[in-house]
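Now for the letters of each chain:
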Amino acid sequence: MSVPPEAALKRAEVMSAVLRRSGLRLTHQRLEILKELAAADVHPDVEAIYHAVRERVPTISIDTVYRTTAALVHLGCVRRVSATVGPARYDPNVGPHHHFVCQSCGLIADIEDADLDVLSPPSAVGELGEVSRAEVYFKGVCRSCAARSG
Ligand SMILES: [Zn+2]
Ligand SMILES: [Zn+2]
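Remember, it's a predicted structure, so these values are computed and weren't measured experimentally. (Residues numbered from 1 in each chain as written. Chains lettered and ligands numbered in written order. Predicted model: local features only at pLDDT ≥ 70, side-chain atom pairs only at ≥ 80, totals over all residues. Heavy atoms only, no water.)

Notes on the overall build of the protein
Reasoning step 1: A count of helical and extended segments in the protein gives 7 helices and 5 strands.
Reasoning step 2: Buried positions account for 35% of the 150 residues belonging to the protein.
Reasoning step 3: In the protein, the share of contacts with a sequence separation of at least 24, taken over all contacts with a separation of at least 6, comes to 50%.
Reasoning step 4: A total accessible area of about 9200 Å² is found for the protein, and carbon and sulfur atoms account for 55% of it. (Helix = DSSP H or I, 4+ residues; strand = E, 2+ residues; numbered from the N terminus. Buried < 20%, exposed > 50% of the residue type's maximum accessible area, 1.4 Å probe, protein only. Contact = heavy atoms within 4.5 Å. Areas by Shrake-Rupley, 256 points an atom, 1.4 Å probe, with all protein chains shown as cover.)

And the structure:
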């Protein structure tokens, strides 16, 4: 499973436009970082983005990856996913969707389900505030981890 090239390109275009509009210069390094993020479907952490971009841009620093990713999150182009105990993971899919999380290897996979998108919150939630969207995490052990532990 991977992001279709057209979809990744479209996302990268949107990210570039938003980044430029925010006043940030679209440097070669920032462009490579956002292209990497736009094509990612594994919800990478900063370390993984850094290693992938470094293949093409050996001078990249992890600090630049941190700052660019944080800017994209701030601008709403990327979502921070914090469903695992490890470092924060990042998601370029900002449309409504949910996740399956393997608690053994940290796999995070997208789940699209229209019924979950409109999940009605319990009344206790309504007492706390207004809900803008529901995000469901299904946590467990993925098939390959289950096969490995046999
Ligand atoms: Zn797993
Ligand atoms: Zn996702």
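Here the narrative resumes.
Observations regarding the nonpolar core
Reasoning step 1: Counting 21 residues, the largest nonpolar core has Met15, Ile33, Leu37, Ile60, Val65, Leu72 and Val78 as its most contacted members.
Reasoning step 2: Among the secondary structure elements, those contributing two or more residues to this core are helix H1 (5-21), helix H2 (28-38), helix H3 (46-56) and helix H4 (62-74).
Reasoning step 3: In contact with Ile33, not counting residues within four places along its chain, are Ile49, Val53, Ile60, Thr64, Val65, Thr68 and Thr69. (Core = buried A, V, L, I, M, F, W, Y, C linked by side-chain atoms within 4.5 Å.)

What about the coordination of the zinc ion (ligand 1)?
Reasoning step 1: Taken together, the protein donors to the zinc ion (ligand 1) comprise Cys102 (SG), Cys105 (SG), Cys142 (SG) and Cys145 (SG), at separations of 2.3 Å.
Reasoning step 2: With 4 donor atoms in place around the zinc ion (ligand 1) and angles of 106 to 117° between them, the coordination shape is tetrahedral. (Donors = N, O, S within 2.8 Å, 3.2 Å for Na, K, Ca; no water. Tetrahedral: all angles 85-135°; square planar, octahedral: opposite > 155°, others 65-115°.)

Quick word on the pattern of salt bridges
Reasoning step 1: Inspection of the entire model under this criterion finds 6 salt bridges.
Reasoning step 2: One salt bridge connects Lys35 with Glu32, and the closest N-O pair in it is separated by 3.4 Å. In this pair, Lys35 and Glu32 both sit in helix H2, 3 residues apart, roughly one turn of the helix.
Reasoning step 3: Looking at Lys35, the relative accessible area reads 40%, which means it is partly exposed.
Reasoning step 4: Arg56 serves as the salt-bridge partner of Glu32, at 2.5 Å between the closest nitrogen and oxygen. A residue pair is termed long-range when its members are at least 10 positions apart, and Glu32 in helix H2 and Arg56 in helix H3 qualify at 24 residues.
Reasoning step 5: Given the relative accessible area of 8%, Glu32 is considered buried.
Reasoning step 6: Three or more residues joined by partner-sharing salt bridges are found here, namely Glu32, Lys35, Glu36 and Arg56. (Salt bridge = Lys/Arg side-chain N within 4 Å of Asp/Glu carboxyl O.)

Brief notes about the sheet that holds strand E4 (residues 108-111)
Reasoning step 1: Read across the sheet, 3 strands follow the order E4-E3-E5 without closing on themselves; strand pairing throughout is mixed. Edge strands, defined here as strands with exactly one partner in the open sheet, are E4 and strand E5 (137-140). Across this sheet, the average inter-strand angle for adjacent strands is 20°, counted without regard to direction.
Reasoning step 2: In terms of strand pairing, strand E3 (residues 98-102) meets E5 through 4 bridges, oriented parallel. Directly across from Val101, in E5, lies its bridge partner Lys139. (Pairing = 2+ DSSP bridges. Axes fitted to C-alpha atoms, helices over the stretch in contact; angles between N-to-C directions.)

Considering the side chain of His99
Reasoning step 1: Tracing the chain through its elements places His99 in strand E3.
Reasoning step 2: A polar side-chain atom of His99 sits 3.2 Å from a polar atom in the side chain of His43.
Reasoning step 3: Excluding its chain neighbours within four sequence positions, the residues that come into contact with His99 are His43, Val81, Asp91, Ile108, Ala109, Asp110, Ile111, Val136, Tyr137 and Phe138. (Polar contact = N/O pair within 3.5 Å; in protein donor to acceptor, adjacent residues only side chain to side chain.)

With respect to H3
Reasoning step 1: For H3, the set of buried residues is Val46, Ile49, Tyr50 and Val53. One face of H3 carries all of its buried residues, which in axial projection span an arc of 100°. (Arc of directions from axis to C-beta.)

As for the coordination of the zinc ion (ligand 2)
Reasoning step 1: Within the protein, the atoms that donate to the zinc ion (ligand 2) are His43 (NE2), Asp91 (OD), His97 (NE2), His99 (NE2) and Asp110 (OD), at distances of 2.0 to 2.2 Å.
Reasoning step 2: Spacing between the donor residues of the zinc ion (ligand 2) along their common chain follows H-x47-D-x5-H-x1-H-x10-D. Of this pair, His99 sits in strand E3 while Asp110 sits in strand E4; the two residues are 11 residues apart in sequence, bridging distant segments of the chain.

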